[in-house]
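A structural walkthrough
Read off the chains here:
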Amino acid sequence: IAKLKLPDLNATDVDMAVLGSPIGNGLSLTGDTVTLRNSSGAAIDAVSWGASTVAFSPSAPVVSLGHSLIRNSIFTDTNTATDWSDRTTPSPGN
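Summary of the structure given here. (Residues numbered from 1 in each chain as written. Predicted model: local features only at pLDDT ≥ 70, side-chain atom pairs only at ≥ 80, totals over all residues. Heavy atoms only, no water.)

Scanning the chain from N- to C-terminus turns up zero helices and six strands. Scanning the chain from its N terminus toward the C terminus, one meets helices and strands in the order β-β-β-β-β-β. Excluding contacts between residues fewer than 6 apart, the proportion of contacts in the chain whose partners are at least 24 apart in sequence is 13%. Put simply, the chain shows about 6,900 Å² of open surface, and 56% of that area lies on carbon and sulfur atoms. (Helix = DSSP H or I, 4+ residues; strand = E, 2+ residues; numbered from the N terminus. Contact = heavy atoms within 4.5 Å. Areas by Shrake-Rupley, 256 points an atom, 1.4 Å probe, with all protein chains shown as cover.)

Dropping the structure here:
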């Protein structure tokens, strides 16, 4: 886990996990969920897409192979699919 400073936010240091291998058995292109948890194990954010409605319903859209599902704004979190959109040119880690 690495520490990073988020610019222009009202936040201090944030823990960031950088994975060097797939998550579990991988993530499904047709629907899945990613949940971020704090050090106590409490869910602090989540996204579900496609067939999965674990984080919210309706879920965020499935994106085409080679695209990324991105959060529209780091300043707005409505816990709905409208927080997310298809990015045709992925920028992993940004």
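Once the structure has been displayed, the description carries forward.
Attention now goes to unusual backbone geometry. Ser 57 connects to Pro 58 through a cis peptide bond whose omega is 0°. Checked against the element boundaries, Pro 58 lands in the loop between strand 4 (43-50) and strand 5 (68-71).

Okay, the environment of Ala 55 next. Looking at the secondary structure, you find Ala 55 in the loop between strand 4 and strand 5. Under the relative-accessibility criterion, Ala 55 is labelled partly exposed at 27%. Note: C-alpha distance between Ala 55 and Asn 79 (24 residues apart in sequence) is 7.8 Å. Apart from residues no more than four positions distant in its own chain, Ala 55 is found in contact with Thr 33, Ala 46, Val 47 and Ser 48. (Buried < 20%, exposed > 50% of the residue type's maximum accessible area, 1.4 Å probe, protein only.)

So, on to the environment of Arg 37. Relative to the helices and strands, Arg 37 is located in strand 3 (residues 31-37). Residue classification places Arg 37 among the exposed residues on the basis of a relative accessible area of 53%. Engagement of the side chain of Arg 37 in a polar contact is seen with the backbone oxygen of Gly 41, the distance being 3.1 Å. (Polar contact = N/O pair within 3.5 Å; in protein donor to acceptor, adjacent residues only side chain to side chain.)

Counting six residues, the largest nonpolar core is built from Val 47, Trp 49, Phe 56, Ala 60, Ala 81 and Trp 84. When sequence neighbours within four positions are dropped, the list of residues in contact with Ala 60 reads Ser 48, Trp 49, Gly 50, Leu 69, Ala 81 and Trp 84. (Core = buried A, V, L, I, M, F, W, Y, C linked by side-chain atoms within 4.5 Å.)

With respect to the secondary-structure elements, Ser 73 resides in the loop between strand 5 and strand 6 (84-87). A C-alpha to C-alpha distance of 7.2 Å links Ser 73 and Asp 83, two positions ten residues apart in sequence.

The next thing to look at is the pattern of salt bridges. Summed over the entire model, instances satisfying the criterion amount to three salt bridges. Asp 45 is the salt-bridge partner of Arg 71, the closest N and O atoms lying 2.3 Å from each other. Separated by 26 residues along the polypeptide, Arg 71 in strand 5 and Asp 45 in strand 4 bring together distant segments of the chain. Taking the relative accessible area as the measure of exposure, Asp 45 reaches 17% and is therefore buried. For Asp 77, the salt bridge goes to Arg 71, with nearest N and O atoms at 3.5 Å. Given the relative accessible area of 40%, Asp 77 is considered partly exposed. A cluster of three or more residues bridged by salt bridges with shared partners is formed by Asp 45, Arg 71, Asp 77 and Asp 83. (Salt bridge = Lys/Arg side-chain N within 4 Å of Asp/Glu carboxyl O.)

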